[in-house]
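What the coordinates show
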Amino acid sequence: MRLILLGAPGVGKGTQGALLAERFGIERVSTGDLLRDAVRRGTPLGRNAKRYMDAGELVPDPLILDLVREVLSTADSGFVLDGFPRTIPQAEGLDELLGELSIALDAVMVLEAPDEVLIKRISGRRSCPRCGAVYNIHFEPPAAPEVCDRCGTELVQRADDDADTVVRRLEVYHAQTRPLVDYYERTGRPVRQVDGGQPVDTVQDSISAVLAA
Ligand code: AP5
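This report concerns the structure included in the present document. Nothing here was measured: the structure is a model prediction, and the numbers come from that model. (Residues numbered from 1 in each chain as written. Predicted model: local features only at pLDDT ≥ 70, side-chain atom pairs only at ≥ 80, totals over all residues. Heavy atoms only, no water.)

Before going further, it helps to spend a moment on the site of the ligand. Taken together, 33 residues lie near the ligand, and Thr 15, Glu 57, Arg 86, Arg 125 and Arg 169 sit nearest. Separating an oxygen atom of the ligand from a backbone N or O atom of Lys 13 is a distance of 2.9 Å. Protein chains bury 96% of the 1,000 Å² of accessible surface belonging to the ligand in isolation. For the shell around the ligand, the element with the highest residue contribution is helix H2 (residues 31-41), accounting for 4 residues. Taken together, the residues that form the shell around the ligand break down as 14 nonpolar, 10 polar and 9 charged. (Near = heavy atom within 4 Å. Polar contact = N/O pair within 3.5 Å; in protein donor to acceptor, adjacent residues only side chain to side chain. Areas by Shrake-Rupley, 256 points an atom, 1.4 Å probe, with all protein chains shown as cover. Helix = DSSP H or I, 4+ residues; strand = E, 2+ residues; numbered from the N terminus. Nonpolar A, V, L, I, M, F, W, Y, C, P; charged D, E, K, R; others polar.)

This brings us to the packing of helix H1 (residues 13-24) against helix H9 (residues 200-212). Relative to each other, H1 and H9 sit at 55 degrees, their axes nearing to 10 Å. When the axes of H1 and H9 are compared, the pair comes out oblique. H9 is crossed by H1, and the crossing has right-handed handedness. Between H1, through Thr 15, Gln 16, Leu 19, Leu 20, Arg 23 and Phe 24, and H9, the contact on the second element is made entirely by Val 200, Val 203, Gln 204, Ile 207, Ser 208 and Leu 211. Among the residues forming the contact of H1 with H9, the class breakdown is 7 nonpolar, 4 polar and 1 charged. (Axes fitted to C-alpha atoms, helices over the stretch in contact; angles between N-to-C directions. Parallel < 35°, antiparallel > 145°, perpendicular 65-115°, else oblique. Left-handed = near helix turned anticlockwise from the far one by under 90°. Contact = heavy atoms within 4.5 Å.)

A word on the environment of Gly 12. Of note, Gly 12 is situated in the loop between strand E1 (2-7) and H1. In the structure, Gly 12 is positioned 188 residues away from Val 200 in sequence and 8.0 Å away in space, judged by C-alpha atoms. If near-sequence neighbours (up to four positions away) are discounted, Gly 12 is found in contact with Gly 17, Leu 111 and Arg 121.

Any functional reading would require information that these geometric values do not contain.
What follows is the structure, encoded as structure tokens:
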């Protein structure tokens, strides 16, 4: 199974991607997670990417393509791409890479939800800096406030989840990433739309139904 999850910040790409990876035994490739890990470790990529991420802007395409090339080359059992591609040059770079690896996409899954739903979800997101578990104080709170259920670590809010940066991330999505839906339709790929504004399990069921069809 080789999928792209396309959608705005907060629509649930990470949440659904993790469920799909577990269900199909495939690799979830999140460029956001890979970049945050590089920032945490202070690598040259992380130091370079941080200023773009903090401003809600996209990290330059060549850096992202190098990162993804390395990961996809070893994802033999399949993958779900979360947050990549995000620009037309990234989509073209991915096409080139898929050609080199002689593999094709099974679906481009587009998750959609109104901006006000996305803003509420992002404002409520908390994550565990130790084990990576993701919660939502509005929709999926931890048992004890601000503490990870799995490992007891204090939860944190992502640096780019403040209100101003979220507005910019949504603008960037609409201007640079949403046009990929046309790109994939125009180039004859299987584009499937799913309502991402529903509860987590309902979204997962909708994705499964679309994949089964
Ligand atoms: P990235 O980490 O990819 O962030 P994003 O696309 O902005 O998406 P989010 O992680 O905010 O949301 P999500 O859709 O994964 O939602 P989630 O499942 O977490 O990118 C961050 C930055 O890195 C970018 O701004 C850019 O600078 C850089 N970057 C990354 N990739 C790049 C690329 N390819 N090119 C260039 N730059 C790149 O859910 C959100 C919250 O809602 C959670 O709390 C969750 O629990 C909750 N939730 C999820 N689903 C539901 C539901 N159905 N109902 C209720 N709550 C829900």
